[in-house]
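# Observations on the three-dimensional arrangement
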Amino acid sequence: LAELSCGNTAIKSEQKTEGNSFFSWLLVLALLGAWLSVGVVWFDLVDYSALGGVYDADGDGDFDVEDAKVLLGLIEKPVTVASTENPLGERESTSHSPHGSASDAEPSLEFKTEESRPANQISPELPPTTQPVPTSVSTPESITETTEFKEEPSVESKEEKEAKKKKPKLLNKFDKTIKSEINAAEKLRNKGKFEESLRAFEALVQKFPQSPRCRYGKAQAEDDLAEKIHSNEMLLKAVNTYREVAELPDVPPDLIKATLKRRAERQQFLGRTRGSLATSEKLVQIFPEDISLKNDLGVAHLLLGDNKGAKRIYEEVLARAPHDGFAKVHYGFILKSENKIAESIPYLREGLESGEPGTDDGRFYFHLGDALQRTGDKSAYDWYEAGHRQGHFASVWQRSLYNVPGLRAQPWWMAEETRYTALVKMLERNWLTIRDEALSVLDSNSGQFLPEDEYLRETGDWGQFTLWQQGRKVASSCRYVPKTCALLEHYPEATSCKRGQIKFSVMQAGTHVWPHTGPTNCRLRMHLGLVIPSKGCRIRCTNQTRSWEEGKVLIFDDSFEHEVWQEAESYRLIFIVDVWHPQLTQLQRQTLSPI
């Protein structure tokens with residue numbers, strides 16, 4: 001019995017030891033996987049191309065308990081793995097911003113892209129921001145310029161959650177067989193080794209010329225490298241490679257969509273707006289049910305200045321999707337450009353309230369507020385305040401859209417503050433000469449004074465005669481006023497100001513100019529009084545109102561809200577000289593794009 005008892009004990013002990021051994025190995029493997037994951041993610045100790053085939057048994061990109069189960073035979077290894085890459089590459093698409101007008105006006109109702117730099121300059125792109133909705137009604141006097149916007153936790157929309165669940169399928173059957181080679185090249189790109197990644201993808205394209213995914217990787221690497229080295233030539237190569245991807249046989253639909261969308265964006269960035277339009281049209285033909293592509297096509301029309309084409313597109317979108325916020329803000333924007341003020345308001349407002357991607361744009365806040373102001377609706381300032389909280393406006397009063405941050409901001413300036421006292425003294429000393437030349441043009445009935453055509457006048461007549469535009473001399477105009485132009489040639493702070501004008505402005509009796517804001521904080525505006533009636537002419541900038549004097553210069557920052565009344569019995573004539581903001585560096589003055 002003792003021997004039997006000892007034997008039974010030995011058997012139980014041996015069974016227990018085997019059980020402990022099994023779970024010990026499972027624990028060791030799990031711990032090994034955890035540490036390998038840490039090493040791969042945080043210390044980049046392990047090469048996925050080598051590790052993945054041995055330890056990443058379930059194909060999710062790391063070694064974990066699920067992999068241990070596969071290796072121990074507890075579950076089966078998956079046959080295929082869905083791609084987890086971003087179909088648009090590593091960067092988001094750029095948002096579209098309109099150029100502002102250089103005149104005494106609000107930012108214009110034109111669509112242009114990449115305003116903050118020349119079209120041939122590569123630079124990083126900015127992520128979209130979150131959309132607020134105005135709350136209480138407030139007047140300008142009650143609004144402070146130091147309002148802070150507190151970001152609220154972002155809530156994923158239903159569409160975003162569905163997009164995460166449904167990963168894009170970028171690999172065809174053949175590409176799945178060479179997935180490890182594609183991943184190795186893609187890893188280099190994700191680590192910022194764009195030159196090495198490009199060489200790797202070029203080798204893959206030579207080896208597998210019919211592989212859509214290899215060629216797409218090559219295009220992405222060219223795209224990334226162009227960004228890194230600031231090369232339009234390289235970016236153009238990427239644009240052409242994206243086209244090649246879409247022309248290959250057996251390209252998965254998700255890859256076609258990702259490829260052509262990115263191609264259209266980069267064509268747009270390069271200023272090839274007609275090419276971008278053609279690419280967008282092709283996308284809509286291939287994917288007619290995709291509303292977002294239809295919306296992008298509308299933007300492509302706007303960028304070409306084809307508002308009628310864009311209007312037709314957005315009418316089609318709203319007929320199919322009447323609550324589409326993106327289509328609404330753009331349709332409202334187009335109505336505003338047609339001076340259909342009241343009609344534009346519900347579209348702009350409902351589009352902004354939707355909070356949909358692409359609606360959080362300073363342009364839409366600007367024009368909704370402006371439309372509301374013109375209809376006498378005080379909620380305009382709620383939208384201005386919302387735009388300020390979102391970072392689109394420097395303050396509720398200062399609503400220019402194309403700004404250099406950090407510049408001194410105040411509505412009215414003294415000559416000494418500008419550091420342009422020599423220019424001011426010259427203008428005031430020679431005001432009679434300047435006035436006489438202006439009157440000779442005005443009295444000649446030559447039609448040189450052109451009417452203001454930006455819908456800024458509520459009533460009356462307002463004409464302008466331009467001598468310099470965007471830092472360029474208008475020689476045909478200077479022939480009529482040679483002395484005035486000769487006087488200004490010595491003041492580059494004015495003549496080289498690419499974000500302004502030099503011009504005569506005549507305003508007839510009975511004229512009222514709506515409250516409006518100039519496009520940029522990069523300039524100051526000088527007004528030299530030439531012919532000023534004794535009463536009835538005044539200008540308001542923010543909540544301060546002033547009048548002109550003959551032979552005297554008024555200086556203000558027209559990026560702040562201002563308004564003009566001409567209620568005299570005769571015309572008012574002034575000379576407008578825009579100058580660079582004195583705090584801009586010489587490099588900034590040379591490199592800022594014209595407005």
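Residues numbered from 1 in each chain as written. Predicted model: local features only at pLDDT ≥ 70, side-chain atom pairs only at ≥ 80, totals over all residues. Heavy atoms only, no water.

### Some points on the overall build of the protein chain
Let me state the cut-off plainly: In this description a helix means any DSSP run of H or I spanning at least four residues, a strand means any run of E spanning at least two, and both kinds are numbered starting from the N terminus. Burial classes follow relative accessibility: with a 1.4 Å probe on protein chains only, a residue under 20% of its type's maximum area counts as buried, one over 50% as exposed, and anything between as partly exposed. Whether two residues are in contact is decided by their heavy atoms, any of which lying within 4.5 Å being enough. We get accessible surface area from the Shrake-Rupley algorithm with a probe of 1.4 Å; when it comes to residues, only the shown protein chains can shield them.
Tallying secondary structure elements over the protein chain gives 24 helices and 13 strands in all. Residues classed as buried in the protein chain amount to 52% of the 595 residues present. Residue pairs in contact within the protein chain that sit at least 24 positions apart in sequence constitute 69% of those at least 6 positions apart. Summing over all exposed atoms, the protein chain offers an accessible surface of approximately 28,900 Å²; the carbon and sulfur share of this is 53%.

### What to know about the state of the cysteines
By definition, a disulfide is the covalent link that joins the sulfur atoms of two cysteine residues. Note the following rule: Any two cysteine sulfur atoms within 2.5 Å of one another count as a disulfide.
What the rule picks out here adds up to 1 disulfide. The closest cysteine sulfur to the non-disulfide-bonded C522 is located on C497, 8.5 Å from its own sulfur.

### So, the nonpolar core
Operational definition: Nonpolar cores are built from buried Ala, Val, Leu, Ile, Met, Phe, Trp, Tyr and Cys residues. Side-chain atoms within 4.5 Å join them into one set.
Counting residues in each nonpolar core, the largest one holds 44 residues, and the members touching the most others are L423, L427, F504, M526 and F575. Elements with a minimum of two residues in this core: α19 (421-429), α20 (431-443), β4 (462-469), α22 (482-488), β6 (501-507), β8 (523-531), β11 (553-556) and β13 (572-580). Here this core takes 6 residues from α20, the largest share from any one element.

### Considering the packing of aromatic side chains
Describing an aromatic ring pair means giving the distance of the ring centres and the angle of the ring planes. Put simply, the rule is: Aromatic pairing here means that ring centres of Phe, Tyr or Trp (its six-membered ring) are within 6.5 Å. Orientation follows from the plane angle: under 30 degrees is stacked, over 60 is edge-to-face, and everything else is tilted. Working rule: Lys NZ or Arg CZ, within 6 Å of ring centre, within 35 degrees of ring normal, means a charge sits over the ring.
Tallied over the entire structure, the rule returns 14 aromatic pairs. Their ring planes at 75° and their centres at 4.9 Å tell us that Y331 and Y347 sit as a pair that is edge-to-face. Here Y347 lies in helix α15 (residues 341-354) and Y331 lies in helix α14 (residues 325-337), a separation of 16 residues in the sequence. When its relative accessible area of 30% is taken as the criterion, Y347 is described as partly exposed. Feature note: the residues F366, Y381, Y384, F393 and W397 constitute an aromatic cluster, connected by ring pairs. It is R363 that lies over the ring of F333; its NZ or CZ is 5.1 Å from the centre.

### Some points on the confidence of the model for the protein chain
Low-pLDDT stretches of the model should not have their predicted coordinates read in fine detail. The condition is simple: pLDDT is a per-residue confidence score from the predictor, ranging from 0 to 100.
Looking at the protein chain, the pLDDT average stands at 81 and 72% of residues meet or exceed 70. Confidence drops under a pLDDT of 50 for residues 27-102, and excluding neighbours within four residues, the segment shows 144 contacts in the predicted structure. Here residues 113-153 scores under 50 on pLDDT; set against residues more than four positions off or in separate chains, the count is 92 contacts.

### A short note on the side chain of T359
Using the following cut-off: Definition of a polar contact: a pair of N or O atoms within 3.5 Å, with one able to donate and the other able to accept a hydrogen when the atoms are protein atoms, and with sequence-neighbouring residues admitted only if both atoms are side-chain atoms.
Here T359 is to be found in the loop between α15 and α16 (362-374). Within the structure, T359 has its side chain in polar contact with the backbone oxygen of E356 (distance 2.6 Å).

### What about helix α6 (residues 179-190)?
Inclusion rule: Here the expected span of a helix is defined as 1.5 Å times the quantity of residues minus one. Note that the arc is computed from the directions linking the helix axis to the C-beta atoms.
Relative to the 16 Å expected for 12 residues at 1.5 Å per residue, α6 spans 16 Å between its end C-alpha atoms, a close match to the ideal helical length. When we look at burial in α6, the residues that qualify are I182, A185, E186 and R189. The arc that holds the buried residues of α6, viewed along the axis, is 100°, so those residues lie on one side. Turning to α6, the residues buried within the fold contact α5 (173-177), α7 (194-207) and α8 (212-229).

### Re the packing of α8 against helix α10 (residues 253-269)
Condition: To get an axis, fit a line to the C-alpha atoms, keeping to the stretch in contact for a helix; angles then go from 0 to 180 degrees between the N-to-C directions. Roughly parallel here means an angle under 35 degrees, roughly antiparallel means over 145, roughly perpendicular means 65 to 115, and every remaining angle is called oblique. Should the near helix be turned anticlockwise from the far one by less than a right angle, the crossing is termed left-handed; should it be turned clockwise, right-handed.
Viewed as axis vectors pointing N to C, α8 and α10 meet at an angle of 25°, and their least axial separation amounts to 11 Å. Between α8 and α10, the angle falls in the class roughly parallel. Seen along the crossing, α8 lies across α10 with a hand that is left-handed. Two secondary-structure elements touch here, α8 through P212, R213, Y216, D223 and E227 and α10 through L255, A258, T259, R262 and R266.

### Topic: the environment of M507
Here M507 is to be found in strand β6. A sequence separation of 63 residues divides M507 from S570, and the C-alpha atoms of the two residues are 8.9 Å apart.

### Quick look at the pairing of strand β12 (residues 562-566)
For clarity, the threshold we go by: Pairing between two strands requires that DSSP report at least two bridges joining them.
For β12, a buried count of 5 out of 5 residues is recorded, marking the element as mostly surrounded by other parts of the structure. Burial along β12 is two-sided: H562, V564 and Q566 facing one way and E563 and W565 facing the other are all buried. For strand β7 (residues 511-516) and β12, the ladder comprises 4 bridges, and the chain directions are antiparallel. Along β12, the bridge assignment pairs H516 with H562. With 5 bridges joining them, strand β9 (residues 537-541) and β12 adopt antiparallel strand pairing. By the bridge assignment for β12, C541 is matched with H562.

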